[in-house]
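# Fold and contact review
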Amino acid sequence: MSRLSDTLAACRAEGTPAMGLFTTNGFPHPDATVPILHAIDAGGADFIELGMPFSDPLAEGLPIQRSSARALSHGVQMDDAFGTVAAFREDSDTPVLLMGYINPVLQYGIERFCTKAANAGVDGLILPDVPPEEAKLLTQHAQAAGLDLVFLIAPNSSDARIQRVDELATGFVYAVSVTGLTGSRLDGRGAVQSYLKRARGLVTQNPLLVGFGIATHEDAQALSQHTDGFIVGSALIKEIEACWDDDALTDDDCYTRIRQFAHALKHGKAVTAGSNPA
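Each value, and the rule that gives it
Residues numbered from 1 in each chain as written. Predicted model: local features only at pLDDT ≥ 70, side-chain atom pairs only at ≥ 80, totals over all residues. Heavy atoms only, no water. Helix = DSSP H or I, 4+ residues; strand = E, 2+ residues; numbered from the N terminus. Rg over C-alpha atoms; globule rule 2.2 N^0.38 Å. Contact = heavy atoms within 4.5 Å. Lys, Arg positive; Asp, Glu negative; His and termini not counted. Charge placed at Lys NZ, Arg CZ, Asp CG, Glu CD. Pairing = 2+ DSSP bridges. Axes fitted to C-alpha atoms, helices over the stretch in contact; angles between N-to-C directions. Salt bridge = Lys/Arg side-chain N within 4 Å of Asp/Glu carboxyl O. Buried < 20%, exposed > 50% of the residue type's maximum accessible area, 1.4 Å probe, protein only. Parallel < 35°, antiparallel > 145°, perpendicular 65-115°, else oblique. Left-handed = near helix turned anticlockwise from the far one by under 90°. Nonpolar A, V, L, I, M, F, W, Y, C, P; charged D, E, K, R; others polar.

### As for the overall build of the chain
- Scanning the chain from N- to C-terminus turns up twelve helices and eight strands.
- For the chain, the C-alpha radius of gyration of 17 Å lies close to 19 Å, the compact-globule estimate for 278 residues.
- Taken over the C-alpha atoms alone, the chain extends approximately 55 × 40 × 30 Å along its principal axes.
- Taking the contacts inside the chain whose residues are at least 6 apart along the sequence as the reference set, 71% of them involve residues at least 24 apart.
- Treating the 20 positive side-chain charges of the chain as one cloud and the 34 negative ones as another, the clouds have centres 6 Å apart.

### Considerations on the sheet that holds strand β4 (residues 124-126)
- A barrel is described by the order of its strands in space; here eight strands give the closed sequence β1-β2-β3-β4-β5-β6-β7-β8, paired in parallel fashion. Taking the axes of each pair of neighbouring strands and ignoring which way they run, one obtains an average angle of 25 degrees across the sheet.
- Pairing of strand β1 (residues 18-24) with strand β2 (residues 47-51) involves five bridges; the strand directions are parallel. The residue of β2 that forms the bridge with Thr23 is Leu50.
- Most of the contacts of helix α4 (residues 78-89) go to strand β3 (residues 96-99), to which it runs at about 170 degrees, and overall it touches β2 and β3.
- Its contacts with the sheet place helix α11 (residues 234-244) against β1 and β8 (229-232), and it is angled at close to 50 degrees to β1.

### Digging into the pattern of salt bridges
- Tallied over the full model, the rule gives 13 salt bridges.
- The partner of Asp228 in a salt bridge is Arg12, and the shortest N-O contact between them spans 2.8 Å. Pair noted here: Asp228 is in the loop between α10 (217-223) and β8 and Arg12 is in helix α1 (residues 3-14), with a separation of 216 residues, a long-range link.
- Given a relative accessible area of 15%, Asp228 falls into the buried group.
- When salt bridges with common partners are traced through the structure, they connect Arg3, Arg89, Asp93 and Asp123 into a single cluster.

### Side note on the packing of α11 against helix α12 (residues 251-267)
- Where α11 contacts α12, the axes come no closer than 9 Å and their chain directions differ by 155 degrees. Put simply, α11 runs roughly antiparallel to α12. Note that α11 runs across α12; the crossing there is right-handed. Packed against α11, whose contacting residues are Ala235, Leu236, Glu239, Ile240, Cys243 and Trp244, the element α12 presents Asp251, Cys254, Tyr255, Arg257, Ile258 and Phe261 at the interface.
- Looking at side-chain class alone, the contact of α11 with α12 contains nine nonpolar, no polar and three charged residues.

### Regarding the environment of Ala160
- Relative to the elements of secondary structure, Ala160 occurs in helix α8 (residues 159-168).
- Ala160 gets classed as exposed once you look at its relative accessible area, which sits at 54%.
- When the C-alpha positions of Ala160 and Leu202 are compared, they lie 8.7 Å apart, and in sequence the two are 42 residues distant.

Okay, here's the thing in structure tokens:
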């Protein structure tokens, strides 16, 4: 069992949907990333996805595209993600997964990347543009480094493909809620529920988590009926962007807002300033 698997199993035992939150490394500026991770950790994140900024993030909508561009404008590179996780690890055992795309990883070297990620305290990887049919080398090196490897399914995935993904994945299977980009609007929730119910019956070896288009506690609870938890990215990125673009807010004000936002996503209610959100 990995740290991620242990965390998801604990959530299931408690009957509580696991909450994963995504933010981009180096966004809104490099010095803010580690405090943001601690803020969402304090707000109740069960695990964190740390995005590695990339100039061609093919699965991402505009909010995450903007966050990548902003991070890259600060000169953020691959090694910075390892440093961010290592710094976060000094004060937290909350699982962290690196999310990104295969081209930078290939350029860096798959074995070198997996080794450095594991040494920094990373728990797993999400690389959406690596299909299961082409994942052998990545799977080998991730397994050797002790990293979980998450694969994605979508509403148009066949039953056979969902089962194949379940066989290859470790950590969890990521159910994309819509055939679109991150931040896409959730239309036709009944159809999404039908798809998630089908996936729930096919994914038997891993927890099943849902992401894309989740912006509120109500969204999260509705889509967790047939899953083990949910992932929020674009809504958090937009909250971070709004905070740091508001000249009236200090960085400490922003960290408090982000902590409160995470708490409300999980619990459906705001937490007052200065109180403990646990």
